[in-house]
Amino acid sequence: LELENQLQTLIQEDPDQKGQWEFQLGLHFFDANRPDLARPLLSGAGIRETEDADLLAESWTALMDLDLPDQAVIAQRRLIELEPDIAVHRERLMTLQAWRNDEAGFRSTVKGTLEDADILEIPETVRDQLRRHHSASWWRSISTGIGSGGRIASAKALSLLESWERDSLAGEPSELWQLWAR
C-alpha cells in the first residue's frame, strides 16, 4: 500500500514523468494480482516514456498475461533502443511479430539483428537459422498472395517477390522458385 501511495503521489506531483509512474503502478497492481487496475495503466503511453530498462524487461510477463501484445511490442522496441546489445529483447520482439503474423516487422527485426550480430555475439549457427527464418517469412508473404487468387493478390505477390530479390539478404530465393512463383 505504501508503494501504491508513493506512486499515486508521484503521478500527481511529477507530470513530466506521469507515464512512467503510471506504468510502474500498473506493474505493481499486476504483481498484487489486480489485473483490473493493472490493465488500463499498462495500456497507456507510459511504455514509450519509460527510461528504466529493468522495469520494461519486467513488464514482459504482465503484458503477455494481460493480452496486451501491442504494448509488449512497444516495450521490446523501447528496450532495444535503451539496450541495443542485449539479444533477448530482439528475440522477444521477433517472437511477438511471428505470433501476430507481422511478417514485414519480423523480417525487419531479423535483418537488424543480423546486421548487429557481431555486437550481439550471435553464433554462426544462429545467424544461419535467422537467415532461414527471414527467407521463410518472405515465402509466407508471397504464398499468401499467390494462394489468395485474383489479380490484386497476384500483383502483390509479384511485388513482394521483387522486393525480396532487392533485399540485402538476397541470394536466398533460388532461380527455380522465382520462376515458379512468377
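Structure first, text after, so check above.
Residues numbered from 1 in each chain as written. Predicted model: local features only at pLDDT ≥ 70, side-chain atom pairs only at ≥ 80, totals over all residues. Heavy atoms only, no water.

Caption draft 1: Up close: the pattern of salt bridges. In total, this model carries ten salt bridges according to the counting rule given. Where Arg78 meets Glu51, a salt bridge forms, and the shortest distance between an N and an O atom there is 2.8 Å. A residue pair is termed long-range when its members are at least 10 positions apart, and Arg78 in helix 6 (residues 69-82) and Glu51 in the loop between helix 4 (46-49) and helix 5 (53-65) qualify at 27 residues. Residues Arg140 and Glu103 are paired through a salt bridge, measuring 2.7 Å at the closest nitrogen-oxygen approach. Separated by 37 residues along the polypeptide, Arg140 in helix 10 (residues 124-148) and Glu103 in helix 8 (residues 103-115) bring together distant segments of the chain. Members of the salt-bridge network, linked through shared partners, are Glu51, Arg78 and Glu81. (Salt bridge = Lys/Arg side-chain N within 4 Å of Asp/Glu carboxyl O. Helix = DSSP H or I, 4+ residues; strand = E, 2+ residues; numbered from the N terminus.)

Caption draft 2: Broad picture of the side chain of Arg90. Here Arg90 is to be found in helix 7 (residues 87-99). Among residues more than four places away in sequence, those in contact with Arg90 are Ile80, Pro84, Thr109, Gly112, Thr113, Asp116 and Leu120. (Contact = heavy atoms within 4.5 Å.)

Caption draft 3: Representation of the nonpolar core. Counting residues in hydrophobic clusters, the biggest one holds 26 residues, and the most contacted among them are Phe23, Leu25, Leu27, Leu42, Ile47, Leu56 and Leu63. Looking at this core, the elements with two or more residues in it are helix 1 (2-13), helix 2 (18-31), helix 3 (35-42), helix 5, helix 6 and helix 7. In terms of residue count, the dominant contributor to this core is helix 5 (six residues). Ignoring any residue separated from it by four or fewer positions in sequence, one finds Leu56 in contact with Phe23, Ile47, Thr50, Ala75, Arg78, Leu79 and Leu82. The next biggest cluster of nonpolar side chains, apart from the first, holds eight residues, and it includes Phe106, Leu120, Ile122 and Leu130. (Core = buried A, V, L, I, M, F, W, Y, C linked by side-chain atoms within 4.5 Å. Buried < 20%, exposed > 50% of the residue type's maximum accessible area, 1.4 Å probe, protein only.)

Caption draft 4: Structural context of helix 6. Its 14 residues place the ends of helix 6 20 Å apart at the C-alpha level, agreeing with the 20 Å of an ideal helix rising 1.5 Å per residue. What helix 6 keeps buried is the set Pro69, Gln71, Ala72, Val73, Ala75, Gln76, Arg78, Leu79 and Ile80. Buried-residue contacts for helix 6 involve helix 3, helix 4, helix 5 and helix 7. (Expected span 1.5 Å × (residues − 1).)

Caption draft 5: Main features of the packing of helix 5 against helix 6. Put simply, helix 5 and helix 6 touch, their axes get as near as 9 Å, and they point 160° apart. One finds that helix 5 runs roughly antiparallel with respect to helix 6. For helix 5 against helix 6, the interelement crossing comes out left-handed. Taking contact as the criterion, the partners of Ala53, Leu56, Ala57, Ser59, Trp60, Leu63 and Met64 in helix 5 are, on helix 6, Gln71, Ala72, Ala75, Gln76, Arg78, Leu79 and Leu82. Each residue belonging to the contact of helix 5 with helix 6 can be placed in one class, and the counts come to ten nonpolar, three polar and one charged. (Axes fitted to C-alpha atoms, helices over the stretch in contact; angles between N-to-C directions. Parallel < 35°, antiparallel > 145°, perpendicular 65-115°, else oblique. Left-handed = near helix turned anticlockwise from the far one by under 90°. Nonpolar A, V, L, I, M, F, W, Y, C, P; charged D, E, K, R; others polar.)

Caption draft 6: Expanded view of the packing of aromatic side chains. For the coordinates displayed, the defined rule picks out zero aromatic pairs. When the ring centre of Trp138 is taken as origin, the NZ or CZ atom of Arg107, which lies over that ring, is 3.9 Å away. (Phe/Tyr/Trp six-rings, centres within 6.5 Å; stacked < 30°, edge-to-face > 60°. Lys NZ or Arg CZ within 6 Å of the ring centre and 35° of its normal.)

Caption draft 7: View of helix 7. With 13 residues, helix 7 ought to run about 18 Å at 1.5 Å a step, and its terminal C-alpha atoms sit 18 Å apart, in line with that. Residues His89, Arg90, Leu93, Met94, Leu96 and Gln97 constitute the buried set of helix 7. Buried residues in helix 7, looked at end-on, bunch into an arc of 160°, giving them a common side. Away from the buried face of helix 7 by more than 90 degrees, exposed residues Glu91 and Trp99 are located. (Arc of directions from axis to C-beta.)

Caption draft 8: Just the environment of Asp16, in detail. Assignment of secondary structure puts Asp16 in the loop between helix 1 and helix 2. Asp16 gets classed as exposed once you look at its relative accessible area, which sits at 68%. Sequence separation of Asp16 and Glu49 is 33 residues, and the distance between their C-alpha atoms is 9.4 Å.

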